[in-house]
Amino acid sequence: MSTLRFANLHIRERFDRETVVWAIAPSIVAIMITALFVVPNYSRALRMQDEAQRLEAVSSENINQKNNLQLLERNVAGLRDEYNRRCRPLAEGTDRDHLLSTITRPTDGTVVREQSIRTGALVQVDGVAIGTPVLRRDVTVDMSASFESIFGVLDAAEGVNQLVTPRSVEIVVMSTALEQAASGNAAIRATIVFEEWFEQPATTNAPAKEARR
């Protein structure tokens, strides 16, 4: 009886060991094999996710920079158009001055009764930082003419492709109401002072600096 019980115990222990070997051991091996594949792939997936986030951030930054560049290009184009529309270049010396010929009007005794133009001396202007000396001179226009002719002179000066600024305009009506009725035009006496701005040529001696006021 004891021998039989011992045999049964021996068989049961052997069965338990075989169960461990054939059931648990393959599971452990499967887990280890799975871990060998899963852990590296998981780590790789994390690295790829980080790289994707980095690339997304770089892409967003590039898009923002591109948008900013396009905005800057539009602003520069707008400023260039504004410059071409409103700014005038400095004349390169008095020999290239176009103002005098533009504002000169022939006298006919009716529309333009008389006109005289006086040019002042060139003076160097301080405080203008453009890389080269800047010169300025006054041009004084005295006219007896109609309103249209006088303001036509102002419009013509504004249209000259060089920097000219009107400094003062004085207008006085000279004719009486009877004279206006007889001639059909009001006789207007006008004194217009323009300022012309020049870029000093390299071969020209610098004139005396503008006197302080």
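Colleague: How do you make sense of the side chain of Asp-142 when you look at a structure like this?
Modeller: Positionally, Asp-142 belongs in strand S3 (residues 134-145). Residue classification places Asp-142 among the buried residues on the basis of a relative accessible area of 12%. Ignoring any residue separated from it by four or fewer positions in sequence, one finds Asp-142 in contact with Glu-114, Gln-115, Ser-116, Arg-118, Arg-189, Ala-190 and Thr-191.

Colleague: For this particular structure, what's the right way to read the side chain of Ser-146?
Modeller: Structurally, the position occupied by Ser-146 is in the loop between S3 and helix H3 (147-158). Here Ser-146 falls in the buried class, since its relative accessible area comes to 5%. Here Ser-149 takes part through its side chain, which lies 3.1 Å from a polar atom of the side chain of Ser-146.

Colleague: Could you clarify how one ought to interpret the confidence of the model for the chain in this entry?
Modeller: Chain-level pLDDT for the chain is 77 on average; 67% of the residues reach the 70-or-more range. For the chain, the element scoring lowest by mean pLDDT is helix H4 (residues 177-183), at 57; S3 scores highest, at 93. Scored below 50 in pLDDT, residues 208-213 shows nine contacts in the model against residues more than four places distant or in partner chains.

Colleague: Could you clarify how one ought to interpret the pattern of salt bridges in this entry?
Modeller: When the charged atoms of two side chains with opposite charge come close together, those side chains can pair. All told, the structure shown has eight salt bridges when counted by the stated rule. Measuring nitrogen to oxygen at the nearest pair gives 2.9 Å for the salt bridge that ties Arg-137 to Asp-97. Linking Arg-137 in strand S3 with Asp-97 in the loop between helix H1 (2-86) and helix H2 (99-103), this pair joins segments that are 40 residues apart in sequence. Judged on exposure class, the residue Arg-137 and its partner Asp-97 are both buried. The residue Arg-167 makes a salt bridge to Glu-195 at a minimum N-O spacing of 3.6 Å. Remark: Glu-195 occurs in strand S5 (residues 188-199) and Arg-167 occurs in strand S4 (residues 164-173); sequence separation between them is 28 residues. The partly exposed category is assigned to Arg-167, whose relative accessible area is 40%.

Colleague: Any chance you could explain the pairing of S3 here in plain terms?
Modeller: The side chains of a regular strand alternate between the sheet's two faces. Within S3, 11 of the 12 residues are buried, leaving the element largely enclosed by the surrounding structure. By the bridge criterion, seven bridges tie strand S1 (residues 112-119) to S3 in an arrangement that is antiparallel. By the bridge assignment for S3, Arg-118 is matched with Thr-140. Where strand S2 (residues 123-125) and S3 come together, three bridges link them in antiparallel fashion. Counterpart to Val-125 in the pairing with S3 is Val-134.

Conventions used here
- Residues numbered from 1 in each chain as written.
- Predicted model: local features only at pLDDT ≥ 70, side-chain atom pairs only at ≥ 80, totals over all residues.
- Heavy atoms only, no water.
- Helix = DSSP H or I, 4+ residues; strand = E, 2+ residues; numbered from the N terminus.
- Buried < 20%, exposed > 50% of the residue type's maximum accessible area, 1.4 Å probe, protein only.
- Contact = heavy atoms within 4.5 Å.
- Polar contact = N/O pair within 3.5 Å; in protein donor to acceptor, adjacent residues only side chain to side chain.
- pLDDT = per-residue confidence, 0-100.
- Salt bridge = Lys/Arg side-chain N within 4 Å of Asp/Glu carboxyl O.
- Pairing = 2+ DSSP bridges.

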